[in-house]
Amino acid sequence: MSSDRPFDLIPAADALRERLGGLRPRVFVVLGSGLGGLAGAIPDPVSIPFTDLPGLHDPGVEGHAGHFLAGELDGVGVLLQSGRYHLYEGHSPSLVAAPVRIAAMLGAETLLVTNAAGGIRKSLEPGALMVIEDHINFQGRNPLVGRKLEGEPRFPDMTEAYDRDLMGQAESVAAALQVPLTRGVYAAVLGPSYETPAEIRMLSALGADAVGMSTVPEVIAARARGMRVLGFSLITNLAAGLSGQPLSHREVVEVGARSAVSLQRVVEGVIRRLD
């Protein structure tokens, strides 16, 4: 469990920069539960365990490996985070957002963030792929609280948290690959318990299409650092009260693993278009 004191970015960034050698990542990719197979998109990657960097440690959630992978995809430098920290583990927002801030310090200009989510909108069945067009933060946490960090404005604008041009690129890639892709609003809740049916009805009334327990802290930090953001939710289950079945994290991981190939192909296609 982490304290609420600010995470010291500089030692970890320096250690990761040394491990990357001459590679300058332009794109930072964060993988969600059960989506670790996307790591295969990078040929011959350099693997750096979180535990090799000062202040970082392994995630505590099934489906989150706990290392960075770095390499090039068609000439584009990519840094990939396989495994993420969650607020519900007791981590501070500062630690949850630390990998994104470190990537920005190393030169990453774009964040591609993925998650496993529950479908609220009726058309979002398990296996559906949603590009995030906006989010609702119900986590009660923000990684910008506290001392203002160098390189971040005090009040960053979140009118377009998710880059519209990148959304269009994702839709173009998906269409070419014949991968169904829809836009939607992602609601982030604290967890770790799943939502009640009444909470899902509330989120639906507020305009949420999918719900999960991650992503928003990383997106806020990325926008504060001036990074462009593209987000994807892989729908792994129907939200509480919509299927009549109890929810299971194992189901989330298993559906994510089965359905991740389409997401991987779209992410690869977007990265290639960044060159």
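Our subject is the structure listed above.
Right, let's walk through the structure included here. Since the model is a prediction, treat every value here as computed from it, not as a measurement. (Residues numbered from 1 in each chain as written. Predicted model: local features only at pLDDT ≥ 70, side-chain atom pairs only at ≥ 80, totals over all residues. Heavy atoms only, no water.)

As for the packing of helix α1 (residues 9-20) against helix α2 (residues 93-105)
Each pair of packed helices gets described by two things: the angle between the helix axes and the distance between those axes.
Okay, step 1: Where α1 contacts α2, the axes come no closer than 9 Å and their chain directions differ by 60°. Accordingly, the angle class assigned to the pair α1 and α2 is oblique. Pair α1 / α2 crosses with right-handed handedness. Contacts between α1 and α2 involve L9, I10, A12, A13, L16 and R17 from the first element and A98, R101, I102 and M105 from the second. (Axes fitted to C-alpha atoms, helices over the stretch in contact; angles between N-to-C directions. Helix = DSSP H or I, 4+ residues; strand = E, 2+ residues; numbered from the N terminus. Parallel < 35°, antiparallel > 145°, perpendicular 65-115°, else oblique. Left-handed = near helix turned anticlockwise from the far one by under 90°. Contact = heavy atoms within 4.5 Å.)

Focus: the pairing of strand β4 (residues 76-82)
Okay, step 1: Most of β4 sits inside the fold, with seven of its seven residues counted as buried.
Okay, step 2: Across the two faces of β4 the burial is the same, with V76, V78, L80 and S82 and G77, L79 and Q81 all buried.
Okay, step 3: Across five bridges, the pairing between strand β1 (residues 27-31) and β4 is parallel. Its bridge partner being in β4, V29 is matched across the sheet by L80.
Okay, step 4: Looking at chain direction, strand β3 (residues 67-73) and β4 are connected through seven bridges and run antiparallel. Bridge assignment links A70 to a residue of β4, and that residue is L79.
Okay, step 5: In textbook terms, the turn of a hairpin is the stretch between consecutive antiparallel strands, and for β3 and β4 this stretch comprises two residues, one of which, D74, has a positive phi near 50°. (Buried < 20%, exposed > 50% of the residue type's maximum accessible area, 1.4 Å probe, protein only. Pairing = 2+ DSSP bridges.)

A short note on the packing of aromatic side chains
Okay, step 1: Scanning the model with the defined rule gives three aromatic pairs in all.
Okay, step 2: Aromatic pair F28 and F68: ring centres 6.4 Å apart, planes at 40°, arrangement tilted. One end of the pair, F28, is in strand β1; the other, F68, is in strand β3, and 40 residues separate them in sequence.
Okay, step 3: Looking at F68, the relative accessible area reads 1%, which means it is buried.
Okay, step 4: An angle of 55° between the planes, with centres 4.9 Å apart, marks the rings of F50 and F68 as tilted. Of this pair, F50 sits in the loop between β2 (46-49) and β3 while F68 sits in strand β3; the two residues are 18 residues apart in sequence, bridging distant segments of the chain. (Phe/Tyr/Trp six-rings, centres within 6.5 Å; stacked < 30°, edge-to-face > 60°.)

Some remarks on unusual backbone geometry
Okay, step 1: For the bond from G191 to P192, the omega torsion is 5°, close enough to zero to count as cis.
Okay, step 2: Within the secondary structure layout, P192 lies in the loop between β7 (182-189) and α4 (197-205).
Okay, step 3: Although it is not a glycine, D44 sits at a positive phi angle of roughly 50°.
Okay, step 4: Of note, D44 is situated in the loop between β1 and β2.
Okay, step 5: By relative accessible area, which is 77% here, D44 ends up exposed.
Okay, step 6: Positive phi is not limited to glycine here, since D74 has a value of about 50°.
Okay, step 7: By the secondary structure assignment, D74 is in the loop between β3 and β4.
Okay, step 8: Looking at D74, the relative accessible area reads 47%, which means it is partly exposed.

A few points about the pairing of strand β5 (residues 110-119)
Okay, step 1: For β5, the buried fraction is high: ten of the ten residues fall into the buried class.
Okay, step 2: Sheet topology note: the β1/β5 ladder contains four bridges and is parallel. Note that in β5 the partner of V27 across the bridge is T110.
Okay, step 3: Relative to strand β9 (residues 228-238), β5 is paired through ten bridges, and the arrangement is parallel. Each residue of the ladder has a partner; that of L111, found in β9, is V229.
Okay, step 4: Bridge count for β5 against strand β8 (residues 210-212) is two bridges, and the pairing is antiparallel.

Brief notes about the packing of α2 against helix α5 (residues 216-224)
Okay, step 1: In contact at an axis separation of 8 Å, α2 and α5 are set at 40° when each is read in the N-to-C sense. For the element pair α2 / α5, the angle class is oblique. Like other packed secondary-structure pairs, α2 and α5 cross with a definite hand, here right-handed. Between α2 and α5, the residues in contact are V96, A97, V100 and R101 and P217, E218, A221 and A222, respectively.
Okay, step 2: Across the contact of α2 with α5, the residue classes break down as six nonpolar, no polar and two charged. (Nonpolar A, V, L, I, M, F, W, Y, C, P; charged D, E, K, R; others polar.)

This is a description of form; function is not addressed.
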